[in-house]
Amino acid sequence: MDHRRSQKVEVTKVQLQVIGAGFGRTGTASLKLALEMLLHAPCYHMSEVLGNAGHVDLWLDVAAGQADWDAIFKNYAATVDFPASNYWRELADFYPEAKIVLSVRDAEKWFQSTQETIFSQILQDLYADTKWGQMIKATIDNHVGGDINDRERVIAAFNAHVARVK
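Criteria and cut-off values
Residue numbers restart at each chain and count upward from 1, following the sequence in its written direction. Reporting of local features is limited, given that this is a predicted model, to residues whose pLDDT is at least 70; pairs of side-chain atoms are given and counted only at 80 or more, and all residues count toward the totals for whole chains, interfaces and linings. By convention in this description, side-chain values take in all heavy atoms of the structure and omit both hydrogens and water. Put simply, a nonpolar core is a bunch of buried Ala, Val, Leu, Ile, Met, Phe, Trp, Tyr and Cys residues held in one set by side-chain atoms that sit within 4.5 Å of each other. Note on exposure labels: buried denotes an accessible area under 20% of the residue type's maximum, exposed denotes more than 50%, and partly exposed covers the range between, all computed with a 1.4 Å probe on protein chains only. Secondary structure counts use DSSP, requiring at least four H or I residues in a row for a helix and at least two E residues in a row for a strand, with both numbered from the N terminus. Contacts: residue pairs with any heavy atoms within 4.5 Å of one another. Only Phe, Tyr and Trp rings are paired, with Trp represented by its six-membered ring, and only when their centres lie within 6.5 Å; those with planes under 30 degrees apart are stacked, over 60 edge-to-face, the remainder tilted. Polar contacts here mean pairs of N or O atoms no more than 3.5 Å apart (in protein, one a potential hydrogen donor and the other a potential acceptor; neighbouring residues in sequence count only if both atoms are side-chain atoms). Here, any two strands with at least 2 DSSP bridges between them count as paired.

(A) The arrangement of the nonpolar core in detail. Within the largest apolar cluster, 40 residues are counted, with the highest numbers of intra-cluster contacts made by Trp59, Trp69, Phe73 and Met135. Within the residue set of this core, elements represented by two or more residues are α2 (46-51), α3 (55-63), α4 (69-72), α5 (88-94), α6 (107-116), α8 (131-139) and α9 (151-165). The biggest single contributor to this core is α9, with six residues. Trp59 has contacts with Tyr44, Val49, Trp69, Ile72, Phe73, Pro83, Ala84, Tyr87, Met135 and Thr139, leaving out every residue within four places of it along the chain.

This is the structure:
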């Protein structure tokens, strides 16, 4: 007869500890790596949307007012970058113990960087008329003035976002 006790292994759910409120192109990739080192757990970034099946649909649900934060952030201790940064307030309400971190940079330099990378016409053409494009429009474009190439509107949206978070 085996008298060894079976050990009950308790699995704890990873809960968001840090919510990055800074827009993409404000050092979020570096912040992601730093948070992963500090928290010893994954950090959600736009790259995670690409790497996780079904996450485009989950973000479309968020844009439609039907967020399933637990499904999106399962196994993540932090989030930075778009699209989550546009929902920092909702995330703070859902994860009230989480700390808010705002990454910023000069608005003019930020805008120029977006035009050369994440808001470039080349990328817009690539995802036009795709589900990815619908998600980008709903979770990013609509939060930064609608036209991601309109310098004045986008910079104004960037500055207003930073002021709201502060």
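What follows picks up the thread again.
(B) Representation of unusual backbone geometry in the model. That bond from Phe82 to Pro83 is cis: its omega, -10°, falls within 30 degrees of zero. Along the polypeptide, Pro83 turns up in the loop between β3 (78-79) and α5. With phi around 75°, Asn75 is a residue other than glycine that occupies positive phi space. If you trace the backbone, Asn75 turns up in the loop between α4 and β3.

(C) Seen up close, the environment of Ile118. Within the secondary structure layout, Ile118 lies in the loop between α6 and α7 (121-127). As for Ile118 and Gly24, which are separated by 94 residues in sequence, their C-alpha atoms are 8.2 Å apart. Ignoring sequence-local partners within four residues, the contact set of Ile118 consists of Gly24, Arg25, Phe82, Leu123 and Tyr127.

(D) Quick look at the packing of aromatic side chains. Tallied over the full model, the rule gives 16 aromatic pairs. Members of the aromatic cluster, joined through ring pairs, are Tyr44, Trp59, Trp69, Phe73, Tyr76, Tyr87, Phe94 and Tyr95.

(E) Molecular detail of the environment of Ala41. Relative to the helices and strands, Ala41 is located in the loop between α1 (28-39) and β2 (43-44). Excluding anything up to four places from it in sequence, Ala41 contacts Leu35, Glu36 and Ala77.

(F) Broad picture of α6. Taken together, the buried positions of α6 are occupied by Ala107, Trp110, Phe111, Ser113, Thr114 and Gln115. Packing partners of the buried residues in α6 comprise α9. Capping the start of α6, Asp106 holds a side-chain oxygen 3.1 Å from the backbone nitrogen of Glu108, two or three residues further along.

(G) Structural view of the sheet that holds β3. A sheet is described by the order of its strands in space; here four strands give the open sequence β2-β3-β1-β4, paired in parallel fashion. Of all the strands in the sheet, just β2 and β4 (99-101) have a single pairing partner and so form its edges. Pairing geometry for strand β1 (residues 18-20) and β3, over two bridges, is parallel. In the sheet register, Ile19 faces β3, and the bridge partner there is Thr79.

Note that all results are geometric; they support no functional claim without further evidence.
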